[in-house]
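# Coordinate analysis (summary)
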Amino acid sequence: MPVRRVLAVIPSHNEEEALPAVIASLREAAARLPWELEAVVVDDGSTDSTASRALSLGVRVVRLCRNLGIGGAMQVGLRMAHRGGFDCAVQVDGDGQHPPGELARLVARLEQDPAPDLVVGSRFRERAGFRSTPMRRLGIRWFSLLLRALCRLRVTDPTSGFRVYGPRALALFDRSFPYDYPEPEALVLAQLSGLRIVEEPVAMLERQGGRSSIRGVLSSSYYVLKVTVAMVLAVGRARLRED
Amino acid sequence: MQQFFERYWVFGGTCLLFALVTLRLIIRERVTLQGTLAFLLLLFGMGLASLFPQADAWIATRMGFTLVSNWFFALCIAALSFLHLLALISISRVELRSIALTQELALLQEKLERALPAVGERP
């Protein structure tokens, strides 16, 4: 049986502090995996030395000449995996929130029959690891309910970026991937495109460096409003395409 | 006519200055003619409307407005909304193209950087 090729996409924006630890633990995890794991850091227009730090650590680096946000950076990684003939891609955030030790659980789900197209790592399926602040959990619960109402998808952690993308998901997101706060909207797109989505419990960590773009009441409210509208519009867009 | 110029020369002069600045921007290619055409047409229309006040009053009455000033007010809001929408469409299109180009450029750059040392073109 051929060895499965996995591309670990590490979208990073000003993550020079956290990146060495992320790559070191990714290498550790890769040594224990039965798959061929390759890592690529997508430097999302960083103003610090994220790209050069990543290069010195010996991983592939794709440098975006301007900041596109997590969605634009992630799409580059997924496109790379799709065009490069990888069997799947996994998102590992450059801020150290996604422990690579959990990769084995996520990728192993792709081997079950029938194989899912998208595996979402959930912080809430098991009570372990960092589970975010109460306010954020409230927002996550809202998106979860909205997903259920809009496209009958039951997911407990729709904002989790710790995901494994199978070949069909790679093909879909190579063509189209939300640019701004993409996680919940990407689930809508995947579900309405007939992809099989499953959740796998994972333990996540607190961010190891840098700072979140969603902080404070204003930016959090904007985030919830923007994502809600985007999810509703994504459903409308899909229905229009069907017609 | 002389009374008209005496009363409105400040306003007319400002409009003329504004038109000249816009034309200069187009000639120096700071803004594209394609993007400014709707704006210029609107200015031309407003200019015509200011030259023929009787026609404005007739249109305002036909449209159900009691005062011509209200008609102009509504017209200006509609025109500005339309221009803003055109600008939004144009900016969004440019933004999406810019994102796609940034992504493709980054992928090609990475491919090139990996390929060059392999063929001995880079130390």
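Rules behind the numbers
- Residues numbered from 1 in each chain as written.
- Chains lettered and ligands numbered in written order.
- Predicted model: local features only at pLDDT ≥ 70, side-chain atom pairs only at ≥ 80, totals over all residues.
- Heavy atoms only, no water.
- Helix = DSSP H or I, 4+ residues; strand = E, 2+ residues; numbered from the N terminus.
- Buried < 20%, exposed > 50% of the residue type's maximum accessible area, 1.4 Å probe, protein only.
- Contact = heavy atoms within 4.5 Å.
- Lys, Arg positive; Asp, Glu negative; His and termini not counted.
- Charge placed at Lys NZ, Arg CZ, Asp CG, Glu CD.
- pLDDT = per-residue confidence, 0-100.
- Phe/Tyr/Trp six-rings, centres within 6.5 Å; stacked < 30°, edge-to-face > 60°.
- Pairing = 2+ DSSP bridges.
- Axes fitted to C-alpha atoms, helices over the stretch in contact; angles between N-to-C directions.
- Buried area = accessible area lost by both parts, 1.4 Å probe.
- Polar contact = N/O pair within 3.5 Å; in protein donor to acceptor, adjacent residues only side chain to side chain.
- Expected span 1.5 Å × (residues − 1).
- Core = buried A, V, L, I, M, F, W, Y, C linked by side-chain atoms within 4.5 Å.
- Right-handed = clockwise from strand over helix to strand, strands pointing away.

## A word on the overall build of chain B
- Each helix and strand in chain B was counted, giving 4 helices and 0 strands.
- Listed N to C, the secondary structure of chain B is α-α-α-α in terms of helices and strands.
- Across the 123 residues of chain B, 12% fall into the buried class.
- Partitioning the intrachain contacts of chain B with sequence separation of at least 6 by distance along the chain shows that 27% fall at a separation of at least 24.
- When the 10 basic and 8 acidic side-chain charges of chain B are each reduced to a single mean position, those positions are 5 Å apart.

## Considering the environment of Val94 of chain B
- Checked against the element boundaries, Val94 of chain B lands in helix α4 (residues 68–118).
- Taking C-alpha positions, Val94 of chain B is 36 Å from Asn70 of chain B, a pair spaced 24 residues apart along the chain.

## Re the confidence of the model for chain B
Residues and elements named next belong to chain B.
- Across chain B, pLDDT averages 85, with 93% of residues at or above 70.
- Looking over chain B, one finds the lowest element-wise mean pLDDT in helix α2 (residues 33–51), namely 81, and the highest in α4, namely 91.
- Across the assembled chains, the prediction reports ipTM 0.83 with pTM 0.82.

## Structural notes on the packing of aromatic side chains
All names here are of chain A.
- Overall, the coordinates contain 7 aromatic pairs over all chains when judged by the stated rule.
- Centroid distance Phe143 to Tyr223: 5.7 Å. Interplanar angle 90°. Geometry classified as edge-to-face. Here Phe143 is found in helix α5 (residues 134–151), whereas its partner Tyr223 is found in helix α8 (residues 216–242), with 80 residues between them in sequence. The burial state of Phe143 is the same as that of Tyr223; both residues are buried.

## Details of the sheet that holds strand β6 (residues 163–165) of chain A
Residue and element names in this part refer to chain A.
- Read across the open sheet, the 7 strands follow the order β3-β2-β1-β4-β6-β5-β7; overall the sheet is mixed. In this open sheet, the two edge strands, each paired with only one partner strand, are β3 (60–64) and β7 (197–201). Going across the sheet, the axis of each strand differs from the next one's by a mean of 20°, ignoring polarity.
- Across 8 bridges, strand β1 (residues 5–12) lies against strand β2 (residues 36–44) in parallel orientation. Paired with Val9 across the two strands is Val40, which belongs to β2.
- On top of the sheet, helix α6 (residues 167–175) reaches β4 (88–91) and β6; it is set at about 90° to β6, its chief contact.
- Strands in contact with helix α7 (residues 183–192) are β4, β5 (118–122), β6 and β7; relative to β6, the strand with the most contacts, it is inclined by about 35°.

## Thoughts on the interface of chain A and chain B
- Contacts between the two partners involve 16 residues from chain A, matched on the other side by 14 residues from chain B.
- Of the roughly 1,400 Å² buried between chain A and chain B, counting both surfaces, carbon and sulfur atoms make up 52%.
- Together, Arg63, Arg66 and Tyr179 of chain A form the three largest contributors to the area buried by chain A at its contact with chain B, with a combined 36%.
- The interface formed by chain A and chain B includes 9 residue pairs in polar contact (both at pLDDT 80 or more).
- Put simply, the parts of the chain that give the side of chain A that touches chain B at least two residues each are β3 and α3 (69–83) of chain A.

## What to know about α8 of chain A
Residue and element names in this part refer to chain A.
- Helix length check: α8, at 27 residues, gives a terminal C-alpha distance of 39 Å against a target of 39 Å (1.5 Å per residue), a fit within 8%.
- Within α8, burial applies to Ser219, Tyr223, Val227, Thr228, Ala230, Met231, Ala234, Val235 and Ala238.
- The elements touched by buried residues of α8 are α5 and α7.

## Examining unusual backbone geometry
Residues and elements named next belong to chain A.
- Phi at Arg152 takes a positive value of approximately 55°, unusual for a residue other than glycine.
- With respect to the element layout, Arg152 can be found in the loop between α5 and β6.
- At Tyr181, a residue that is not glycine, the phi angle is positive and equals roughly 45°.
- Here Tyr181 shows up in the loop between α6 and α7.

## Notes on the nonpolar core
- Counting 45 residues, the largest nonpolar core has Leu78, Leu147, Tyr165, Phe173 and Leu187 of chain A as its most contacted members.
- With 6 residues, α3 of chain A is the single largest residue contributor to this core.

## Brief notes about the pairing of β2 of chain A
Residue and element names in this part refer to chain A.
- Between the parallel elements β1 and β2, the chain passes through helix α1 (residues 19–32) in a crossover that is right-handed.
- Alignment of β2 against β3, held across 5 bridges, turns out to be parallel. In the sheet register, Val40 faces β3, and the bridge partner there is Arg60.
- As for the winding sense of the linkage, the β-α-β connection from β2 through helix α2 (residues 50–56) to β3 is right-handed.

## Considering the environment of Leu105 of chain B
Residue and element names in this part refer to chain B.
- Relative to the helices and strands, Leu105 resides in helix α4.
- With a relative accessible area of 46%, Leu105 lands in the partly exposed category.
- Sequence separation between Leu105 and Gly13 is 92 residues; the distance between their C-alpha atoms is 48 Å.

## Side note on the environment of Arg105 of chain A
Residues and elements named next belong to chain A.
- Topologically, Arg105 is positioned in helix α4 (residues 103–108).
- Accessibility expressed as a relative area gives 32% for Arg105, which makes it partly exposed.
- Apart from the residues lying within four places of it in its own chain, the contact partners of Arg105 are Glu126, Glu200, Pro201 and Val202.

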